[in-house]
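A look at the structure
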Amino acid sequence: MAGSETPRPETSVGRRTVPLSATVEDARRLFGSDWATVVARAFRWMVFARSFDARMQGLQRQGRIGFYGAATGQEAVNVAVGLLSRPEDWIAPGLREQLVALVRGHPVSSYVDHLFANARDPALGRNMPCHPTARDVHYLSMSSVIGTQITHAVGLGYALRLRRDPGVVFAFFGDGATSANDFHAGLNFAGVWGVPVVFCLTNNQWAISQPVERQSATATLAEKAAAYGIAGRRVDGTDFFAVAEALRAAIGLAREQKLPSLLEFVVYRMTPHSTSDDPTRYQPPEFLAAAAAHDPLERLGDWMRANGLAKAAEVETVRADCDSEIRRAIESAEAVPPPDPESLFRDVRSPLPKERSRSQEVS
Amino acid sequence: MVAGSHPKDIWATATRADGMTSARVRPATVERGARAPAGVPDARRVEAYRWMVLARLVDERCLTLQRQGRIGFYVPLEGQEAAQIGCALALEAADWIFPAYRELGLALVRGVPLETLFDQFIGNSGDVLKGRQMPNHYGYRDRNFVVASSPVGTQITQAVGAGLAARRRGDAIATIAFFGDGTTSSNDFHAGLNFAGVFRAPTIFFCQNNQWAISLPRAQQTHSATLAEKARAYGFEGVVVDGMAIDEVYRAVRQARERAVAGDGPTLIEAQVYRFGPHSTSDDPKRYRPAGELEKWKQHDPVAGFRDELIREGRLTVQDDEKLWEAARAEVASAWKTAESKPPVDPLSFLDDVFAQPTRELEDDRRRLAALLAQREGKP
Amino acid sequence: MTELTLVQAVNRGLFEAMRQDPDVLLLGEDIGLNGGVFRATEGLQKEFGAERVIDTPLSECGIVGTAIGMALYGLKPIAEIQFMDFIYPAFDQIVSELAKFRYRSGGQYPCHVVIRTPYGGGIRGGLYHSQSTEAFFCHTAGLKVVVPSTPADAKGLLLTAVHDEDPVIFLEPKRIYRSVSGEVPEGDHRVPFGVARTAREGSDVSILAWGAMVPTSLEAAAKLADEGISAEVIDLRTLVPLDEAAVLASVEKTGRAVIVHEAARNAGFGAELAARIAEKALYSLRAPIARVTGYDTPFPYALEHLYLPTPERIESAAREAVRAG
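Here the structure is a predicted model, which is why all the values come from computation and not from measurement.

Quick look at the overall build of chain C
Broken down by element type, chain C carries 12 helices and 14 strands. Its C-alpha atoms give chain C a radius of gyration of 19 Å, within 12% of the compact-globule value 20 Å for 325 residues. Projecting the C-alpha coordinates of chain C onto the three principal axes gives extents of approximately 60 × 40 × 40 Å. Looking at chain C as a whole, 70% of its 325 residues are labelled buried. Look at the contacts in chain C between residues 6 or more apart in sequence, and 82% of them connect residues 24 or more apart. Carbon and sulfur atoms make up 52% of the accessible area of chain C, which totals about 9,500 Å². Charge separation in chain C, taken as the distance between the mean sites of 31 positive and 42 negative side-chain charges, equals 3 Å.

Some points on the overall build of chain B
Secondary structure summary: chain B contains 11 helices and seven strands in total. Looking at the 380 residues of chain B, the share that counts as buried comes to 55%. Total accessible area on chain B is roughly 15,800 Å²; 52% of this is exposed by carbon and sulfur atoms.

Re the pattern of salt bridges
On inspection of all chains with the given rule, the structure shows 70 salt bridges over all chains. Arg366 of chain B serves as the salt-bridge partner of Asp352 of chain B, at 2.6 Å between the closest nitrogen and oxygen. Taken as a pair, Asp352 of chain B in the loop between α10 (318–340) and α11 (360–376) and Arg366 of chain B in helix α11 lie far apart in primary sequence, 14 residues in all. On the basis of relative accessibility, which here comes to 28%, the residue Asp352 of chain B falls in the partly exposed class. Between Arg102 of chain C and Asp166 of chain C there is a salt bridge whose closest N-O contact spans 3.3 Å.

A few points about the interface of chain A and chain C
With 51 residues of chain A in contact, the opposing surface of chain C contributes 52 residues. At the boundary of chain A with chain C, total buried surface from both sides reaches about 4,300 Å², with 56% on carbon and sulfur atoms. Our count for the contact surface shared by chain A and chain C stands at three salt bridges. Among the salt bridges present, the one from Glu51 of chain C reaches Arg164 of chain A, with a minimum N-O distance of 3.9 Å. Here chain A and chain C share 20 residue pairs in polar contact (both at pLDDT 80 or more) between them. By residue number, the principal contributor to the side of chain A that touches chain C is helix α6 (residues 148–162) of chain A, which donates 11 residues. Looking at the side of chain A that touches chain C, its residues break down into 23 nonpolar, 15 polar and 13 charged.

Comments concerning the pairing of strand β14 (residues 290–294) of chain C
Residue and element names in this part refer to chain C. Burial analysis of β14 places four of its five residues in the buried class, the great majority of the element. Relative to β14, strand β13 (residues 257–264) is paired through five bridges, and the arrangement is parallel. Opposite Ala264, over in β14, you have Gly294 as the bridge partner. Read from β13 through helix α10 (residues 269–281) to β14, the crossover connection turns out right-handed.

Some details on the confidence of the model for chain B
Per-residue confidence for chain B gives a mean pLDDT of 90, with 90% of residues at or over 70. Confidence drops under a pLDDT of 50 for residues 1–34 of chain B, and excluding neighbours within four residues, the segment shows 93 contacts in the predicted structure.

Digging into α11 of chain B
Taking 1.5 Å as the rise per residue, α11 of chain B with 17 residues should run 24 Å; its terminal C-alpha atoms sit 24 Å apart, in good agreement. Within the sequence span of α11 of chain B, burial applies to Leu362, Asp365, Leu369, Leu372, Leu373 and Ala374 of chain B. Those residues of α11 of chain B that are buried are in contact with α11 (304–307) and α12 (311–324) of chain C. Phi turns positive, to about 80 degrees, at Gly378 of chain B, one or two residues after α11 of chain B.

A few points about the environment of Leu171 of chain C
Residue and element names in this part refer to chain C. With respect to the secondary-structure elements, Leu171 resides in strand β7 (residues 168–173). Under the relative-accessibility criterion, Leu171 is labelled buried at 1%. Sequence separation between Leu171 and Thr117 is 54 residues, and the spatial gap between their C-alpha atoms is 5.3 Å.

Some points on the domain arrangement of chain C
All names here are of chain C. Domain boundaries in chain C define domain 1 (2–184) and domain 2 (197–324). For domain 1 and domain 2, the distance between their C-alpha centroids amounts to 26 Å. Taken together, the contacts link 28 residues of domain 1 with 27 residues of domain 2. Between domain 1 and domain 2, roughly 2,100 Å² of surface is buried when both sides are summed, and carbon and sulfur atoms account for 58% of that area. Where domain 1 meets domain 2, there are two salt bridges. One salt bridge in this structure joins Arg237 and Asp153, with 2.7 Å as the shortest N-O distance. Applying the counting rule to domain 1 against domain 2 returns 13 residue pairs in polar contact (both at pLDDT 80 or more). At the level of secondary structure, the elements contributing two or more residues to the side of domain 1 that touches domain 2 comprise α6 (134–138), β6 (144–146) and α7 (151–163).

Brief notes about the pairing of β7 of chain C
Residue and element names in this part refer to chain C. Counting buried residues along β7, six of its six residues qualify, which places the element largely inside the surrounding structure. Judged by which residues are buried, β7 turns out to be covered on both faces: Val168, Phe170 and Glu172 on one side and Ile169, Leu171 and Pro173 on the other are all buried. Examined bridge by bridge, strand β5 (residues 114–119) and β7 share six bridges and lie parallel to one another. Note that in β7 the partner of Thr117 across the bridge is Leu171. Alignment of β6 against β7, held across three bridges, turns out to be parallel. Bridge pairing in β7 places Val145 opposite Ile169. Note that the unit made of β6, α7 and β7 has a crossover that is right-handed.

With respect to the packing of aromatic side chains
Both the distance between ring centres and the angle between the ring planes are used here to describe each pair of aromatic rings. All chains considered together, the criterion is met by 48 aromatic pairs over all chains. Ring plane angle 70 degrees and centroid distance 5.8 Å describe the contact between Phe195 of chain B and Phe199 of chain B, whose orientation is recorded as edge-to-face. Of this pair, Phe195 of chain B and Phe199 of chain B both sit in helix α6 (residues 187–199), four residues apart, which is roughly one turn of that helix. Since its relative accessible area comes to 46%, Phe195 of chain B is described here as partly exposed. Following the ring pairs from residue to residue traces out a cluster consisting of Tyr74, Phe118, Phe121, Tyr138, Tyr140, Phe145 and Trp336 of chain B. Geometry around Tyr103 of chain C places Arg126 of chain A over its ring, the cationic atom sitting 3.9 Å from the centre. In this structure, Arg104 of chain C packs its charged tip against the face of Phe101 of chain C, placed 4.1 Å from the ring centre.

Calculation notes
Residues numbered from 1 in each chain as written. Chains lettered and ligands numbered in written order. Predicted model: local features only at pLDDT ≥ 70, side-chain atom pairs only at ≥ 80, totals over all residues. Heavy atoms only, no water. Helix = DSSP H or I, 4+ residues; strand = E, 2+ residues; numbered from the N terminus. Rg over C-alpha atoms; globule rule 2.2 N^0.38 Å. Buried < 20%, exposed > 50% of the residue type's maximum accessible area, 1.4 Å probe, protein only. Contact = heavy atoms within 4.5 Å. Areas by Shrake-Rupley, 256 points an atom, 1.4 Å probe, with all protein chains shown as cover. Lys, Arg positive; Asp, Glu negative; His and termini not counted. Charge placed at Lys NZ, Arg CZ, Asp CG, Glu CD. Salt bridge = Lys/Arg side-chain N within 4 Å of Asp/Glu carboxyl O. Buried area = accessible area lost by both parts, 1.4 Å probe. Polar contact = N/O pair within 3.5 Å; in protein donor to acceptor, adjacent residues only side chain to side chain. Nonpolar A, V, L, I, M, F, W, Y, C, P; charged D, E, K, R; others polar. Pairing = 2+ DSSP bridges. Right-handed = clockwise from strand over helix to strand, strands pointing away. pLDDT = per-residue confidence, 0-100. Expected span 1.5 Å × (residues − 1). Domains from an automatic or database assignment. Phe/Tyr/Trp six-rings, centres within 6.5 Å; stacked < 30°, edge-to-face > 60°. Lys NZ or Arg CZ within 6 Å of the ring centre and 35° of its normal.

In structure tokens:
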């Protein structure tokens, strides 16, 4: 069923990437004496994500899943948040942060069940693919409405602070969401209240077809933080070490001082917005060339090869391992039937006293 | 509730932006007006003062009328006269005003007769709005003064849209949106300023920061140091002006207008003022205002301040001033008397203007209601 | 038992809820220092502190969105929207998020937020301080919609709302905030959802109403009694869940239904009631169902007395129904 039909991710042999400037010392400072293991794990997750995205886009084309929104190009951000966050932290995701849930320990098989909207999907197949709920890893349920999770994250952060609980909330959204109501309300409330929230703005330079410079007249999106009296910083979101360093500072601010900050991770959307989108209609071809030079996976792989981690950076070996995990999850998920029709009526409201309705008396 | 100080400089360490700034991202272009215009011109200074006095007297009168139950509600502007009159004089008659509900000064300068305003406050047969809105929520198409609503901020996006429309039509005008400090938190502030930045709309955002959004002090509204700096988040310039000083306001608005009409985009002006009175006649500021704050600000009373300035400039004598107040008082009294003597609004008129043409259902409603009213009056 | 006005009863209900459970907190505009523009939250910030009675920036979107985040974490936020007319900046959060969180997460993230908001006309509030748009919310699956009409119910339904597990839109009839008063039980007084109240028993015609239209309907019923018409007044109390059984039982008894609401008629909640009666009690009807409602116009200022249903209009509809059969 799987295997041979797996579309391969584009090969990047011979492509030049912008080298990462971190030194081994930087890596040690960021991740401790265990830095090599952490970097290898990060690389493995990036390869996994790349394979997963490619595979799922293929399944969508075959009509086996209904929709898919790839996160290709922004893996460094998702992996870094997954690795640097703690179990007590919370994730308020947008469309492209499922990898954060997986790195935090949500089973791959469960996410694939969701993509197939089968009876094992924790949310009973109610949502479009890529809208999973993973309470086991404090990953909120997302809607397709842009930005609404930003205020949720701020309220959640307020609740954590009020209860004197230690967690930090990571709120994810894209460049387009900076124009949304909830961005404004959320960052404003966060500034006034002082809450442990890290606003992770993944600027992939496109809101479907709208380039970021048509989204806002500012030079950067990070500078919007000043309008709310909170810290803001623009980061190269395809540089795993730069991302990790910025996150460390923001997490520290949130954990120690209960203060919010805005991190703008500049990345390149290397795939269409979703399987329903055709970027050749609007994207200049140069964009993909620039994107290739900033491929976070290649950049990290090159760095590892240059810094004595060549074995862990063997893409084919790692990929083979990831592919088999993905294949097993797909085989298993596809064999599960769709959700019970009766489930359509569950969870509309709490299972408490029923309405005094005639139809219920009769039926 | 307010958090501790936010260290804005924690990001001092340079970010590694290896080739990061995409060539497609251009820096914000903010251009300053070529030369700063002067304050309110000589020929209009006494006129400006007269408008301020008139606004002050309308306030005084309406607060009394509301207490007497002769009008239902009132929103005073006391303390904001210089900001409003200075702004109004800096605009051209063709500029479109998108007011909130406190912009009496703008309406006066635009030439809306006192009687017309009073008709609206009463909601009588002379009211252009046919008694449909609360007092202060007026609008006069012939004055390019758009009708106000109560939800805060909705006029901001509308002003941007009108500005873009004017540009498309080739009209060299500015549009101007009025709002307060609280409105900077609203959805439409964000959307409106962002659109204005992206499309370089010929729009002026005139924020009268009167320090209180009903009971919420400015410091709890947002954590930014000023409201004007929020403009930077949208890629254009914001300026803070002393809203108690009419010349400063005039200059800032004049400059913003020049920029708008020249195609150089929008400006956010934060006029720092103080609301001397309550938010509205339904509000009691004694519940929330710290003792002494009002008194402190009253030392900067814009009306008294400008009078002293005019006397110093030799444009006004104490006697002139007394006469001016007296004449203005008479004008207010006479306009009120005329307005109050008018019959009430046609009772069936509230069924009009829902659509361009009434629906069949509304026509039925009109017939039924007419019959009911006739029955009440004992007619067959 | 204490004699209280409706707004005082809301206030007592909030005090009670906050005393019972430290997870209950309030957020909204002008609710702390100022005690709310209608004084519904008077004294609460003083008693429970600014961390639990939060004066927010002026953003309904922010109020409801952050309340949702608090609820996801397990707190029990009660959000106040100053006037129902100002709820629309938060409409996205209410309809797309609050109403759907439980469902879209397969029950993993229940989202229990209570949104209190004064609604309705009759206070000279014009277009933007008078609206009754309960139908928007009744139409959205996942929201409960509650409208008390007496002080005892205001407290009792509010406490039930706070202890419920679902989002509740709690509509407070501001016109009768102070004009009705009544005995209100002390302590943890709760009135269950989905159980209508027979405000007046009668046998000739059923008048179905909620909120501020209940006293208006009672006034009409008293006048009708003088003419020998016995009107029954049913106060629905909660529109979702609806006490359909009580509605049908009353209509089956009287054979006539007059539905009263101050919202505009077109697609108002009265249309839902009329449909249910037509579906399930048609053969008991002796006269066409009548609706006495606001007009299909925006809410006017100077002529609001003509817009709002009056006892006179209700009486006339009831009389016509009795005359019909």
